[in-house]
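# Report on the structure
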Amino acid sequence: MAIRNTGGAAVLELRGLSKNFGGLNAVQGVNLKVFPGDRKAIIGPNGAGKTTLFNVITGVLPASSGAALLFGENITGWPSHRRTALGMARTFQVTSLFPKLTVLDNVLLAIKGLRRSKYVMWRPLSSYRDVHDKARQLLESAGYWDRRDVEVRNLSHGERRQVEIVLGLASDPKILLLDEPAAGLASGESREMAQFLKRLDPGLAILLIEHDMDVVFDVVDHISVLHFGEVVEEGTTASIRASARVQEIYLGTG
Ligand SMILES: Nc1ncnc2c1ncn2[C@@H]1O[C@H](COP(=O)(O)OP(=O)(O)O)[C@@H](O)[C@H]1O
Ligand SMILES: [Mg+2]
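As the structure is a computational prediction, the values presented were derived from the model and not from experiment.

We now examine unusual backbone geometry. Trans is the common state for peptide bonds, and a negative phi is the common state for residues other than glycine. Unlike most non-glycine residues, glutamate 180 shows phi in positive territory, near 50°. The topology assignment puts glutamate 180 in the loop between strand S7 (175-179) and helix H6 (187-199). Using a count of 20 C-beta atoms within 10 Å as the deciding quantity, one classes glutamate 180 as buried.

See the structure below:
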């Protein structure tokens, strides 16, 4: 369950965050606080603005108004790589691995990519050892070290989605944003994904977009419901599960 550090600054805070595409208000006035170790989900129907919200939080798209704060620092205008350096990582709705490379090589490339942007030219090649040690540590803690020499294309779909999350951890994030990690997975694989997420460092905050409600209810303890870009309801998983309004607009059982 969540380790809530109410004394410190939120890892992530959104204040009235909005994004318009021309006349379309894709994200409208979203407020959210995520503390260390929090596990929170954003749910909502297709087109509700979930991915757009992630794109604005991570700096892929500029906000139209409002603010995002990371550890109390206003990062609203920051480029993505600065947010990554301060502790934010994300995975994408669509897979982003190199299929013909091994698991280990994918992780090595992810780490090298980060270090190149962080240390620019003066970082000597002898840092390769550090990179390899880091890759080993990441793969061991995720339970993938014994599969390090497997080409990614030979992994199951569920395993690939997990390795993508391992890549996201390469920057030692304090908050991880996951866009539909269980999308396209068979139900057994989705359960494994939920178990995998629950084994991650309990101090890591997770913000999860997910359609599979079994995964949502298993992994998080707080849910925000997005509808036409607005948070229309938020609360504990139990309260969201019981909400007639949520059932009406989202679960379609009202
Ligand atoms: N780059 C874009 N330009 C214009 N409209 C967009 C863009 N990205 C998303 N949208 C629109 O914003 C709305 C929210 O989309 P999205 O954030 O992808 O929803 P979700 O992830 O909840 O399914 C949709 O109506 C979508 O068509
Ligand atoms: Mg989406």
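Let's shift gears to the nonpolar core. Grouped together as the largest cluster of nonpolar side chains are 62 residues, with contacts concentrated most on Val34, Val107, Ala170, Ile175, Ile206, Leu208 and Val216. For alanine 170, the residues in contact, after removing those within four places along its chain, are Val107, Ala110, Ile111, Leu114 and Leu138.

The next point concerns the site of ligand 1. Every residue close to ligand 1 is listed here: Phe21, Leu24, Ala26, Gly44, Asn46, Gly47, Ala48, Gly49, Lys50, Thr51 and Thr52. Among the elements of the structure, strand S2 (24-34) and helix H1 (50-57) are those that each provide at least two residues to the shell around ligand 1. Of the residues that constitute the shell around ligand 1, the class distribution is 4 nonpolar, 6 polar and 1 charged.

Taken together, the 4 strands give an open sheet; going across it, the order is S2-S1-S4-S5, and neighbouring strands pair in antiparallel fashion. Two strands bound the open sheet, and with one partner strand each, they are S2 and strand S5 (73-74). Pairing analysis gives 5 bridges linking strand S1 (residues 12-21) to strand S4 (residues 65-70), with the strands arranged antiparallel. By the bridge assignment, leucine 12 is partnered in S4 with leucine 70.

So, on to the sheet that holds strand S9 (residues 222-227). Read from one edge of the open sheet, 6 strands run S6-S7-S8-S3-S9-S10, paired in mixed fashion. Pairing within the sheet leaves two strands with one partner each, and these edge strands are strand S6 (88-91) and strand S10 (230-236). Between one strand axis and the next, the sheet turns by 15° as a mean value, whatever way the strands run. For S9 and S10, the ladder comprises 6 bridges, and the chain directions are antiparallel. Its bridge partner lying in S10, leucine 226 is registered against valine 231. The sheet strands contacting H1 are strand S3 (39-43), S6, S7, strand S8 (205-209) and S9, and the helix crosses S7 at an angle near 150°.

Reading guide: rules and limits
- Residues numbered from 1 in each chain as written.
- Chains lettered and ligands numbered in written order.
- Predicted model: local features only at pLDDT ≥ 70, side-chain atom pairs only at ≥ 80, totals over all residues.
- Helix = DSSP H or I, 4+ residues; strand = E, 2+ residues; numbered from the N terminus.
- Buried ≥ 20, exposed ≤ 12 C-beta atoms within 10 Å, placed from the backbone.
- Core = buried A, V, L, I, M, F, W, Y, C linked by C-beta atoms within 7 Å.
- Contact = placed C-beta atoms within 7 Å.
- Near = placed C-beta within 6 Å.
- Nonpolar A, V, L, I, M, F, W, Y, C, P; charged D, E, K, R; others polar.
- Pairing = 2+ DSSP bridges.
- Axes fitted to C-alpha atoms, helices over the stretch in contact; angles between N-to-C directions.

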